Amino acid sequence: MPLGLVLDLLGTFFFAVSGCLLAARRGFDIIGSLFLGALAGLGGGVIRDLILGEVPSAFDSPVYLAAPAVAAVMVFFLKRSVERMRKPLLVFDAGGLALFCIVGTVKALEVGLNPIASALLGVTTAVGGGMLRDVVANREPQLFDPRDIYAVPAMLGAGITAVVWQADLYSPVAAVAIATVVFGLRVLSLRFGWHIPHASAPWQRYED
Amino acid sequence: MPLGLVLDLLGTFFFAVSGCLLAARRGFDIIGSLFLGALAGLGGGVIRDLILGEVPSAFDSPVYLAAPAVAAVMVFFLKRSVERMRKPLLVFDAGGLALFCIVGTVKALEVGLNPIASALLGVTTAVGGGMLRDVVANREPQLFDPRDIYAVPAMLGAGITAVVWQADLYSPVAAVAIATVVFGLRVLSLRFGWHIPHASAPWQRYED
Amino acid sequence: MPLGLVLDLLGTFFFAVSGCLLAARRGFDIIGSLFLGALAGLGGGVIRDLILGEVPSAFDSPVYLAAPAVAAVMVFFLKRSVERMRKPLLVFDAGGLALFCIVGTVKALEVGLNPIASALLGVTTAVGGGMLRDVVANREPQLFDPRDIYAVPAMLGAGITAVVWQADLYSPVAAVAIATVVFGLRVLSLRFGWHIPHASAPWQRYED
């Protein structure tokens, strides 16, 4: 199996698990879990492929549908109570983020987009599925939580991928290394509350 | 008029009415009603056509715009109080669901997608407009309500349509029969509270 | 620079500012501000280009990315407290609305869509970005606020643009005039509470 497909399927599965875990926490039924998993897992890639003008891979290769199906069954038989699912949800989401920022950037570069647009599409792919998941479940997207960093690791991963690709150094090893950095940065920011400045400067905020 | 167009326009009208009824309940104005009707009625088809790489029919044939316009005027002159509109909303939504799962599947098969992808696109078409309607009106999509079944009838309808098409038995009679089954199943599940298991198994849910 | 690009970039910037202001009010961080600005500024155009079957300009010309970047920095150094940002948000949003209903209609006419479909796409472009902004920030879209008019000025602007274009009278002067009418109508409706009838007729609403 080519590297791109492996990373794409794995990222799809990770995001799908995050969607199914959210469905379980929200009290949805098993088919609601399948759909929220599919939206989280396949949504980012569908947006990516539509922007690239291609038939979305989820509708082209049925193998992609296995990811949310396996995720929904796995979450159904989970050994932990749903109250304790917040952390696993965030960890699986971080795994999807780490892989999709690379996969999306590479696919755009392969199609011939310029490096900046490719990195942008990589970030869109990475944050798109999770954003769709949170929006349809009627909650504020994780991307906007100011207590940790979410988009910054994805932007870093997509940027590094574009640079490495341009330098002709992209390889399975490079992909795994970049994914590890993105995943680590995201999970450490959750653990230690790493965050960045507010949307308006503090010395302005309480003025007037 | 070809069968596909009739079913598509009728489904568009049913979903548009559901959007306008929701707008009335939420206190939107008449143009808000028109827009929510248009989003509910045309949204699923636009998503379907974008995935198929075609110009969305709503932007190709202005006749589609008549559906939300008629729906908004009809709801404006409705004889019942908005408090009592919950059931009509669900019934019209069920009508759209029943038709769109067939129309979407057939259109995908005609374009040449494989049967599994076609059924998936049929389901996406069927649940897409209602999901957009609920998401922009800032409420949880009906698809995720665990007290009845919503996606299951659509999945069944799309699957049967794909099988019937492959067996070369698709006809107006077959379409009406499938739509009746999907509509009936959805409405009966509302009436009798038919539902399916939760996203996590009950014997796991309170463990730890 | 061609007229279309100037209006498109300016509209993108106005909507991006509205997104960054909303991010500041909601307590998002600076990257959340950049993303909400990008979604508000670029979202309408991406939907427009996907429907037209083109590569979205945001992914084609990196210059579009400057708009949300400048907006996020500008909002960060804002001299006013975030509590007072409601009015600026609405005014910048009105500016984007006024420009995008023209830009979207003209782009569709240039591609060869019929005038009705072109005006519809103009309205979709104008209301799309703001709707995405409000939906992902988990609040009811401004379009649905019944206390003033939002879509009506955009529909008027798109309709006039289509008529003027068909009459071969479209020019920079015409564009500025139409934009002024749309912007003025929207802002005056906010100032004086101009509104239109409810989605259901008043004499029906309290019946039963």
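The model shown is predicted, which means the values in this text are computed figures rather than measured ones.

Colleague: Whenever I open this one, the overall build of chain A confuses me. Can you help?
Modeller: Helices and strands together make up the secondary structure of chain A, namely nine helices and zero strands. Reading the secondary structure of chain A in the N-to-C direction produces α-α-α-α-α-α-α-α-α. Its C-alpha atoms give chain A a radius of gyration of 17 Å, within 12% of the compact-globule value 17 Å for 208 residues. Residues counted as buried form 57% of the 208 residues belonging to chain A. Long-range contacts, defined here as pairs at least 24 residues apart, represent 77% of the contacts in chain A between residues at least 6 apart. When the accessible area of chain A is evaluated, it comes to approximately 8,000 Å², of which 69% is carbon and sulfur surface. In chain A, 15 positive and 15 negative side-chain charges are present, and the distance between their average locations comes to 12 Å.

Colleague: Looking at this model, I keep getting lost on the interface of chain A and chain B. Mind explaining?
Modeller: Many descriptions give the size of an interface as the accessible area lost when the pieces come together. With 36 residues of chain A at the interface, the matching set in chain B holds 36 residues. Regarding the contact of chain A and chain B, the summed buried area is about 2,900 Å², with carbon and sulfur atoms giving 68% of it. Viewed at the interface, chain B and chain A are joined by one salt bridge. In this structure, R26(A) engages E140(B) in a salt bridge whose closest nitrogen and oxygen atoms are separated by 2.8 Å. Viewed at the interface, chain B and chain A are joined by four residue pairs in polar contact (both at pLDDT 80 or more).

Colleague: Quick question: what am I supposed to make of the relation of the copies chain A and chain B here?
Modeller: Each of the two chain copies can be generated from the other by rotation about an axis followed by a shift along it. Overlaying chain A on chain B yields an RMSD of 0.0 Å, the required transformation being a rotation through 120° with an accompanying axial translation of 0.0 Å. Both copies of the chain, as the preceding transformation shows, are related through a three-fold rotation axis. With a heterologous cut-off of 20% or less, the 8% of interface residues of chain A that recur at the interface of chain B puts this contact in the heterologous class.

Colleague: I keep staring at the interface of chain A and chain C and nothing clicks. Help me out?
Modeller: Each partner contributes to the interface: chain A provides 36 residues, whereas chain C provides 36 residues. Here chain A packs against chain C, burying approximately 2,900 Å² in sum over the two surfaces, 68% of which is carbon and sulfur. Here chain A and chain C share one salt bridge between them. Linking chain A with chain C are four residue pairs in polar contact (both at pLDDT 80 or more). In terms of residue count, the dominant contributor to the side of chain A that touches chain C is helix α6 (residues 115-136) of chain A (nine residues).

Colleague: Mind showing me how you'd approach the relation of the copies chain A and chain C here?
Modeller: Superposing chain A onto chain C takes a rotation of 120° combined with a translation of 0.0 Å along the rotation axis, leaving an RMSD of 0.0 Å. When you check the interface residues of chain A against chain C, a mere 8% turn up at the interface there too, and the two sides of the contact use different surfaces.

Colleague: Is there a simple way to think about unusual backbone geometry in this case?
Modeller: Glycine aside, residues mostly have negative phi angles, and peptide bonds mostly take the trans form. For N138(A), which is not a glycine, the phi torsion comes out positive at approximately 60°. In this fold, N138(A) is placed in the loop between α6 and α7 (151-166).

Colleague: Please clarify how the UniProt feature "domain: Glycine transporter" (unreviewed entry) in chain A should be interpreted in this entry.
Modeller: Feature annotation in UniProt assigns "domain: Glycine transporter" (unreviewed entry) to the following positions: residues 6-79 and 91-165 of chain A. A helix fraction of 77% and a strand fraction of 0% characterise residues 91-165 of chain A, whose end C-alpha atoms lie 27 Å from each other.

Colleague: Help me understand the pattern of salt bridges in this model?
Modeller: Pairing between side chains of opposite charge can happen when their charged atoms approach one another. With the rule as written, the count across this model stands at 30 salt bridges over all chains. Notably, a salt bridge pairs R133(B) with D93(B), separated by 2.8 Å at the nearest N-O pair. With R133(B) in helix α6 (residues 115-136) and D93(B) in helix α5 (residues 86-111), this residue pair connects regions lying 40 residues apart in the sequence. As far as burial versus exposure is concerned, R133(B) and D93(B) are alike and both buried. The residue D8(C) makes a salt bridge to R48(C) at a minimum N-O spacing of 3.6 Å. Of this pair, D8(C) sits in helix α1 (residues 3-25) while R48(C) sits in helix α2 (residues 30-51); the two residues are 40 residues apart in sequence, bridging distant segments of the chain. Residue class for D8(C) comes out buried when judged on its relative accessible area of 6%. Accessibility expressed as a relative area gives 1% for R48(C), which makes it buried.

Colleague: How should the packing of aromatic side chains be read in this particular structure?
Modeller: For any two aromatic rings, the description comes down to two numbers: the centre-to-centre distance and the angle of the planes. A full pass over the atoms with the stated rule returns 21 aromatic pairs over all chains. An angle of 5° between the planes, with centres 4.5 Å apart, marks the rings of F28(A) and F144(B) as stacked. Of the two residues, F28(A) is situated in the loop between α1 (3-25) and α2 (30-51) and F144(B) in the loop between α6 and α7 (151-166); the pairing between them involves two chains. By the burial criterion, F28(A) is buried, and F144(B) matches it. With centroids separated by 5.7 Å and ring planes inclined at 50°, the aromatic side chains of W165(A) and Y170(A) adopt a geometry described as tilted. Given the relative accessible area of 26%, W165(A) is considered partly exposed. Residue Y170(A) is classed as partly exposed on the basis of its relative accessible area, which comes to 22%. The lysine or arginine in question, R191(A), covers the ring of F192(A), its NZ or CZ lying 5.1 Å from the ring centre.

Colleague: Looking at this structure, how should I read helix α8 (residues 172-192) of chain C?
Modeller: Two residues of an α-helix separated by three or four positions point the same way, owing to the 3.6 residues in each turn. Residue and element names in this part refer to chain C. Helix length check: α8, at 21 residues, gives a terminal C-alpha distance of 30 Å against a target of 30 Å (1.5 Å per residue), a fit within 8%. For α8, the set of buried residues is A174, A175, I178, A179, V182, R186 and S189. Looking down the long axis of α8, one finds its buried residues gathered within 135° of arc, a one-sided arrangement. Facing away from the buried side of α8, by more than 90 degrees, are the exposed residues V173, V176, T180, R191 and F192. Structurally, α8 contributes buried residues whose contacts are with α1, α5 (86-111) and α7 (151-166). Positive phi appears at G193, one or two residues downstream of α8, with a value of about 65°.

Colleague: What exactly am I supposed to notice about the UniProt feature "transmembrane region" (unreviewed entry) in chain A here?
Modeller: All names here are of chain A. On the UniProt side, "transmembrane region" (unreviewed entry) is annotated at positions that read residues 6-24, 31-51, 63-78, 90-109, 115-136, 148-167 and 173-194 here. End-to-end, the C-alpha atoms of residues 6-24 are 27 Å apart, and along that stretch the chain is 100% helix and 0% strand. Along residues 31-51, the helical share is 100% and the strand share 0%, with 28 Å between the first and last C-alpha atoms.

Colleague: Help me out: how do you make sense of the packing of α5(B) against α6(B) in this one?
Modeller: Between two packed helices, the angle of one axis relative to the other and the distance separating the axes together describe the packing. Residue and element names in this part refer to chain B. The interhelical angle for the contact between α5 and α6, taken along N-to-C directions, is 150°, at an axis separation of 7 Å. On the basis of the axis angle, α5 is roughly antiparallel to α6. Here α5 and α6 pass one another in a crossing that is right-handed. Residue-level contacts link L89, D93, L97, F100, C101, G104, T105, A108 and L109 of α5 to P115, S118, A119, L121, G122, T125, A126, V127, G130 and R133 of α6. Tallied by class, the residues present in the contact of α5 with α6 amount to eleven nonpolar, six polar and two charged.

What counts and how
Counting restarts for each chain, with residues numbered from 1 along the sequence as it is written. Think of it this way: whatever chain is written first is A, whatever ligand is written first is 1, and the rest follow in order. Only residues with pLDDT of at least 70 are given local features in this predicted model, and only at 80 or more are side-chain atom pairs given and counted; all residues enter the totals for whole chains, interfaces and linings. Calculation of side-chain values draws on the structure's entire complement of heavy atoms; hydrogens and water are dropped beforehand. Comment: elements are numbered from the N terminus, with helices defined as DSSP H or I runs of at least four residues and strands as E runs of at least two. Every radius of gyration here is taken over C-alpha atoms, with the globule rule written as 2.2 Å times N^0.38, N being the number of residues. For each residue, the accessible area found with a 1.4 Å probe, counting protein chains only, is set against the maximum for its type, and the residue is called buried under 20%, exposed over 50%, and partly exposed in between. We call two residues contacting when some pair of their heavy atoms lies within 4.5 Å. Using a 1.4 Å probe, accessible areas were evaluated by the Shrake-Rupley method; residue-level cover was limited to the displayed protein chains. Under the convention used here, Asp and Glu are negative, Lys and Arg are positive, and both His and the chain ends fall outside the count. The atoms used to mark charge sites are NZ of Lys, CZ of Arg, CG of Asp and CD of Glu. Accessible surface is computed with a 1.4 Å probe, and the buried area is the amount of it that two parts give up when combined, taken over both parts together. The term salt bridge refers to a pairing of a side-chain nitrogen on Lys or Arg with a carboxyl oxygen on Asp or Glu at a separation within 4 Å. Polar contacts here mean pairs of N or O atoms no more than 3.5 Å apart (in protein, one a potential hydrogen donor and the other a potential acceptor; neighbouring residues in sequence count only if both atoms are side-chain atoms). When the copies are superposed, the least-squares fit takes in the C-alpha atoms of residues with a pLDDT of at least 70 in both. UniProt positions are given in the numbering used here, feature names are shortened, and annotations may be inferred rather than shown by experiment. Stacked, tilted and edge-to-face pairs are distinguished by plane angle, under 30 degrees for stacked and over 60 for edge-to-face with tilted covering the rest, among Phe, Tyr and Trp rings (Trp via its six-membered ring) whose centres lie within 6.5 Å. The criterion is that NZ of a Lys, or CZ of an Arg, lies within 6 Å of the ring centre and within 35 degrees of the ring normal, and then a charge sits over that ring. One fewer than the residue count of a helix, multiplied by 1.5 Å, yields its expected span. The arc in question is traced by the directions running from the helix axis to the C-beta atoms. Angles shown run from 0 to 180 degrees and are taken between the N-to-C directions of axes, each axis being a line fitted to C-alpha atoms and, for helices, limited to the stretch in contact. What sets the label is the angle itself: under 35 degrees gives roughly parallel, over 145 gives roughly antiparallel, 65 to 115 gives roughly perpendicular, and the rest give oblique. By the definition used in this description, the sense in which the near helix is turned from the far one sets the handedness, with an anticlockwise turn below a right angle giving left-handed and a clockwise turn giving right-handed. Under the grouping applied here, Gly and all other residues not named as nonpolar or charged are polar, the nonpolar ones being Ala, Val, Leu, Ile, Met, Phe, Trp, Tyr, Cys and Pro and the charged ones Asp, Glu, Lys and Arg.

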